[in-house]
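# Overview (structure and organization)
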Amino acid sequence: MSAFLFYLFATLTLGSALLVVLNRNAVSSAMSLFLAFIGMAGLFVLLEAYFLALQVMVYAGAVVVIFVFIVMLLDVDKLPRQRIDKLSKGAATIAFALMVTGVLWLFHKDQFTGPALPAEATGAVLKTYGRQLFTTYLLPMQVTGFLLLIAMIGVIVISKRTPAATAASGK
Amino acid sequence: MTPEIKALHDIAVSNYWPALAPEIGLGVVALALLALELLLPKRQLATVIPRVAILGFVAALAWTLRDWSAVWLGHELFGGLVRQTTDSQIMRVFFLVASLLVSFIATIVLPKQKAPRVEFFHVLLVATGALMLLAQSNHFVLLFVALETVTVAFYILVSYFRASPLSLEAGLKYLVMGSLSSALLLFGIVLLYGIAGNPLLAGHTAQSMNFAALGEFLRHNPDEPLALVGAALVLSGIAFKIGAVPFQIWVPDVYQGAPTPVTAFLAVSSKAAGFALLLILVRGPFLPLAQVTLPLLSIFAALSLLFGNLAALPQRNVKRLMGLSGVSHAGFLLVGVVASIARTDAVSWAPAAVYFYLFTYLLGAMAVFGVMAHVAGDADADQDFRHYAGLARKSPLLGAVLACGIGSLAGIPPLAGFIGKLLIFVAAFHARLWILLGVAIVAVVVSIYYYFGWMRAAFYEEAPPSPERAAVVPLHLGVAASLTLVSLALATVLLGVYQGPFGQWIATR
């Protein structure tokens, strides 16, 4: 059963990832991206990493909505097919071949088999994760708070219309 | 006590917050600035905000010096997240002094551009706290969170003059390149985390983000390919921050477009943070991987020295020149880092030489940026050699400070920069890095050419008869500004003649 589900989700992920690249309609691409994320979330559920699955789902929802917004704002309907020059084609082929060789080599070396780590230790369980976040990792958590604060202030400061900026753009 | 309570108790003991009092203080002052903006009348803001920020930096500096040799030095705090050492104390002082001087430059430049101030100092305070945390991190989680805070702060600061298209362009470029470097770094960390947690390998650990545990794992498996790729990616991510070739592509444009105080902050603090991290990593957990880190960093060093100097030769814009010469300074510093891992027994003082070089760079670069802030007109990105024509005649003080700063950066004998370069060269000599030493010496000779082009403009060229800027730039110097610039120049001269306790510390390492 779980092997069947794995192949189902893997096909879904790979297929819709391909569609993201091949689709010429930007909205369809964004929707395919959403499907690819759903497939990935399914794969994480199969690995019993429920928290990661949840994260990917949230990511799928939030990010794809933003993508669709931007597509609508920019009002792109259908992109013209761009010609790719020979150099890029060659470089992409070589890079792809290298990556495939690398992955095959790693599998050949049998790096990935072995006993599974207990889920408790890896923080994959939501309760363990929350506990660690507010005990062991309290300091990085606080720093993250400051990170978000300055990010927010930065957005305001760069997008706010100051008198100087208005004068400059009015020229 | 139940085991659960015991575990919580251990964490509470380990999370020893007083050790981070300066960083917490900076965070509190940053928040206080936002409150002050709401409470104070608008007229007073312009004078009060920079003073409060500078006071905050001075207080944090005093507190760091008070705890200079605290009992917890060398021990892991916060469950292994933080480990303070003498090295990290030096870097904390370094970042505080650098931010003090950046605030000083900001008080000159921000009024010229009519840019908001509160947010600038707020972001500067937070970034300084994060930089200080970076220098004492002992765990990849804290390292990444602190580094990302610094990077986000720089995204904001670089595009701070949003009325200037060049500043926005620089911000966008820094955003794209910074994200790329963060992605490389994160990918490397994840590979290391994954491989060090593999239960099939000797020395595997559940705490594989901790530097000590990771170092133990790498000692058992120095040839593990995934670990090597991970370490190389982490080093590449850091090479972006220090602007070493081949990751220097963003440097000239971002340095030119960023507001002058931010360029100074980028050139000095961001680069120093990269080197603090590099020294922590390559002398700590990555030491067993020296067979890979050594050639990798040597190539970075040689390329940075050659590219930085050759690309700086035709530059006339002083901000681009500082950026490209900064690439070559990164090359000199990398030679010191390479020397510190090439033969750890023979030159155990090489990291100290790197810190000394960073301090000389701080003094020299800040003196130059301080003069630049005064000479710059309305267009912050357009600062050219021709604007310096006749500077020494118009303002002998600025001319003298500029000469001290540039001379120190070029490494002219009585000044601090010379001793800094000399220490690095001696370290490279003892570590038998003949090729790097040769490249570095050639680089020094080349650098003198472009540094002195700038000096010639300031001292021997006449100001054009009707300079378009003469009216804009009255070269008005306040008392505080003169005092700061003079003390920077004096410190550059003093540190070249007398190294004092710093020299003793280097000698005893």
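Here, the structure is the one placed above.
Let me sum up the structure you'll find in this document. (Residues numbered from 1 in each chain as written. Chains lettered and ligands numbered in written order. Predicted model: local features only at pLDDT ≥ 70, side-chain atom pairs only at ≥ 80, totals over all residues. Heavy atoms only, no water.)

### Some remarks on the packing of helix H7 (residues 138-159) of chain A against helix H5 (residues 118-135) of chain B
- Two elements in contact, H7(A) and H5(B), have axes separated by 10 Å at closest approach and are oriented at 150°. Taken as axis vectors, H7(A) and H5(B) run roughly antiparallel relative to one another. Crossing angle aside, the handedness with which H7(A) passes H5(B) is left-handed. Here Leu139(A), Val143(A), Phe146(A), Leu149(A), Ile150(A), Ile153(A) and Val157(A) of H7(A) lie close against H5(B), whose contacting residues are Glu119(B), His122(B), Val123(B), Val126(B) and Leu133(B).
- Classifying every residue of the contact of H7(A) with H5(B) gives 10 nonpolar, one polar and one charged. (Axes fitted to C-alpha atoms, helices over the stretch in contact; angles between N-to-C directions. Helix = DSSP H or I, 4+ residues; strand = E, 2+ residues; numbered from the N terminus. Parallel < 35°, antiparallel > 145°, perpendicular 65-115°, else oblique. Left-handed = near helix turned anticlockwise from the far one by under 90°. Contact = heavy atoms within 4.5 Å. Nonpolar A, V, L, I, M, F, W, Y, C, P; charged D, E, K, R; others polar.)

### Things to note about the nonpolar core
Residues and elements named next belong to chain B.
- One finds Phe140, Phe286, Met366, Tyr388 and Trp454 to be the most contacted residues of the largest nonpolar core, which totals 207 residues.
- Considering each element in turn, this core owes the most residues, 21 residues, to helix H14 (residues 350-375).
- With near-sequence residues (within four places) excluded, Tyr388 lies in contact with Val318, Val371, Met372, Val375, Gln383, Leu402, Trp454, Ala457 and Ala458. (Core = buried A, V, L, I, M, F, W, Y, C linked by side-chain atoms within 4.5 Å. Buried < 20%, exposed > 50% of the residue type's maximum accessible area, 1.4 Å probe, protein only.)

### Observations regarding a nonpolar patch on the surface
All names here are of chain A.
- Taken together, the side chains of Val65, Ile66, Phe67, Phe69, Ile70, Leu73 and Leu74 present a nonpolar region at the surface, about 740 Å² in accessible area.
- As for its position among the elements, Ile66 is in helix H3 (residues 50-74).
- On the basis of relative accessible area, Ile66 is assigned to the partly exposed category, the value being 48%. (Patch = residues over 30% accessible without salt bridge, like charges linked within 9 Å, V, L, I, M, F, W, Y side chains within 5 Å. Areas by Shrake-Rupley, 256 points an atom, 1.4 Å probe, with all protein chains shown as cover. Salt bridge = Lys/Arg side-chain N within 4 Å of Asp/Glu carboxyl O.)

### Observations regarding the interface of chain B and chain A
- If you look at the interface, chain B gives 44 residues, while chain A gives 34 residues.
- In total, chain B and chain A occlude about 3100 Å² of area from one another, counting both sides; carbon and sulfur atoms represent 77% of this.
- The interface formed by chain B and chain A includes zero salt bridges.
- Mapped by element, the contributors of at least two residues to the side of chain B that touches chain A are helix H1 (3-14), helix H2 (21-39), H5, helix H6 (140-158), helix H7 (165-196) and helix H9 (225-242) of chain B.
- The biggest single contributor to the side of chain B that touches chain A is H6(B), with 10 residues.
- Partitioning the side of chain B that touches chain A into residue classes produces 29 nonpolar, nine polar and six charged. (Buried area = accessible area lost by both parts, 1.4 Å probe.)

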